[in-house]
Amino acid sequence: MKIEDQIRHFLRLAEDPGASASEREVAAVRAEKLMAKYRIESLPDVDSPREDVQLIRVNIEGTNGSMRPAQVLGLATLAEALSCVAVERSFPRASLVMIAGAAGDLALLTELFNSALVQCKVSLKEALHGRHFRSQSERFHFRRSYTLGFFHGVANRVREAMKNEVLGTSKELVVVGRASRAERHIAELFPKTREGRTRMKFYRDEVSQGEWDGYRSGVGDPSRQGVGGDRAAIGR
């Protein structure tokens with residue numbers, strides 16, 4: 001077996017959910033040692049087989065004047081943090097978000113998004129308590145910006161956790177490989193998809209404060225912001 005093939009074998013084992021934690025760790029170390037020994041910095045086709053990439057669909061209800069846009073952006077932000085790629089089809093009363101990624105990443109994304117929805121609603125209710133707004137419009141924009149900030153906070157916490165976990169060159173290649181597979185899968189399924197720009201705009205200081213408050217709550221204390229607990233229905 002060629003050295004490159006040995007490295008690919010160990011890298012695939014390092015991300016195999018069917019292997020034990022010790023087996024994955026040993027495989028990652030062996031791959032990294034081989035790469036260092038033979039001065040191999042990258043493997044163009046390090047990806048696992050394409051059939052490992054899956055597609056899930058998430059329906060988020062609500063109009064453009066609801067919390068839906070912030071929740072869609074929040075879901076896409078979490079997807080990116082977990083090496084997944086999301087595209088959206090917008091309808092008058094709902095958004096269909098299609099997400100490509102490795103099975104394990106998609107499972108974690110689903111749990112994390114559902115948990116974050118519940119936590120965000122609870123935190124937002126506390127943030128609104130005792131706060132006065134000049135109009136209902138200002139209150140609505142605060143709620144929307146808080147939601148968006150909350151999801152950005154959670155996503156950044158996920159990125160920090162990924163950085164702590166991915167320390168070696170071999171593990172970094174595994175993560176990059178998962179992301180590139182997801183991007184190619186989306187490009188193949190939706191070749192005409194283009195990147196859109198959000199129409200959400202924040203004008204007032206109070207609204208900006210809402211985004212910052214939400215972000216701080218989303219970053220939060222890891223012991224209070226876990227991904228466990230009951231699942232929540234995805235909705236408004």
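Residues numbered from 1 in each chain as written. Predicted model: local features only at pLDDT ≥ 70, side-chain atom pairs only at ≥ 80, totals over all residues. Heavy atoms only, no water.

### Considerations on the overall build of the protein chain
When helices and strands are counted, the protein chain shows seven helices and three strands. The N-to-C order of helical and strand elements in the protein chain reads α-α-β-α-β-β-α-α-α-α. A buried classification covers 42% of the 236 residues belonging to the protein chain. Counting only carbon and sulfur atoms, one obtains 50% of the accessible surface of the protein chain, whose full area is about 13,800 Å². (Helix = DSSP H or I, 4+ residues; strand = E, 2+ residues; numbered from the N terminus. Buried < 20%, exposed > 50% of the residue type's maximum accessible area, 1.4 Å probe, protein only. Areas by Shrake-Rupley, 256 points an atom, 1.4 Å probe, with all protein chains shown as cover.)

### Re the pairing of strand 2 (residues 85–91)
Both strand 2 and strand 3 (residues 94–102) contribute to a ladder of seven bridges, which runs antiparallel. Considered in strand 3, the bridge of Val-87 is made with Met-98. Linking strand 2 to strand 3, which pair antiparallel, is a turn of two residues. (Pairing = 2+ DSSP bridges.)

### Some words on the confidence of the model for the protein chain
Chain-level pLDDT for the protein chain is 76 on average; 74% of the residues reach the 70-or-more range. Overall, residues 45–51 carries pLDDT values under 50, and its contacts beyond four positions in sequence, including any with other chains, amount to 17 contacts. Counting interchain partners and residues more than four positions distant, the pLDDT-below-50 stretch residues 198–207 has 22 contacts. (pLDDT = per-residue confidence, 0-100. Contact = heavy atoms within 4.5 Å.)

### What to know about the nonpolar core
One finds Leu-75, Leu-78 and Ile-99 to be the most contacted residues of the largest nonpolar core, which totals 30 residues. Breaking this core down by element, the ones donating at least two residues are strand 1 (53–61), helix 3 (68–81), strand 3, helix 4 (103–128) and helix 5 (136–165). No other element matches the ten residues that helix 4 contributes to this core. Discounting chain neighbours no more than four positions away, the residues touching Ile-99 are Gln-54, Leu-55, Ile-56, Val-58, Leu-75, Ala-79, Cys-84, Val-85, Ala-86, Leu-106 and Leu-109. (Core = buried A, V, L, I, M, F, W, Y, C linked by side-chain atoms within 4.5 Å.)

### Some remarks on the side chain of Arg-68
The residue Arg-68 is located in helix 3 in this model. No salt bridge is formed by the buried Arg-68; its nearest oppositely charged neighbour, Glu-88, is found at 4.7 Å. Polar contacts involving the side chain of Arg-68 include one to the main-chain carbonyl oxygen of Gly-62, which spans 2.7 Å. If we ignore the near neighbours within four places in the chain, the residues touching Arg-68 are Ile-60, Glu-61, Gly-62, Thr-63, Ser-90, Phe-91, Pro-92, Arg-93, Ala-94 and Ser-95. (Lys, Arg positive; Asp, Glu negative; His and termini not counted. Salt bridge = Lys/Arg side-chain N within 4 Å of Asp/Glu carboxyl O. Polar contact = N/O pair within 3.5 Å; in protein donor to acceptor, adjacent residues only side chain to side chain.)

### Here's the deal with the environment of Leu-96
With respect to the secondary-structure elements, Leu-96 resides in strand 3. For the pair Leu-96 and Asn-59, spaced 37 residues apart in sequence, the C-alpha to C-alpha distance is 4.7 Å. Ignoring any residue separated from it by four or fewer positions in sequence, one finds Leu-96 in contact with Arg-57, Val-58, Val-87, Glu-88, Arg-89 and Phe-91.

### What about the sheet that holds strand 1?
Strand order in the open sheet formed by three strands is 1-3-2, with antiparallel pairing between adjacent strands. At either end of the open sheet lies a strand with only one pairing partner, and these are strand 1 and strand 2. For this sheet, the mean angle separating the axes of adjacent strands, direction not counted, is 20°. Packed on one face of the sheet, helix 4 meets strand 1 and strand 3 and runs near 140° to strand 3. (Axes fitted to C-alpha atoms, helices over the stretch in contact; angles between N-to-C directions.)

### Observations regarding the packing of helix 1 (residues 3–14) against helix 2 (residues 21–37)
Contact pair helix 1 / helix 2: the axes reach a minimum separation of 8 Å and the direction vectors enclose 150°. Judged by the angle between their axes, helix 1 and helix 2 are roughly antiparallel. The two elements helix 1 and helix 2 meet at a crossing, and its hand is left-handed. Contact residues: Gln-6, Ile-7, Phe-10, Leu-11, Leu-13 and Ala-14 in helix 1; Glu-23, Arg-24, Ala-27, Ala-28, Arg-30, Ala-31, Leu-34 and Met-35 in helix 2. A class-by-class count of the residues in the contact of helix 1 with helix 2 yields ten nonpolar, one polar and three charged. (Parallel < 35°, antiparallel > 145°, perpendicular 65-115°, else oblique. Left-handed = near helix turned anticlockwise from the far one by under 90°. Nonpolar A, V, L, I, M, F, W, Y, C, P; charged D, E, K, R; others polar.)

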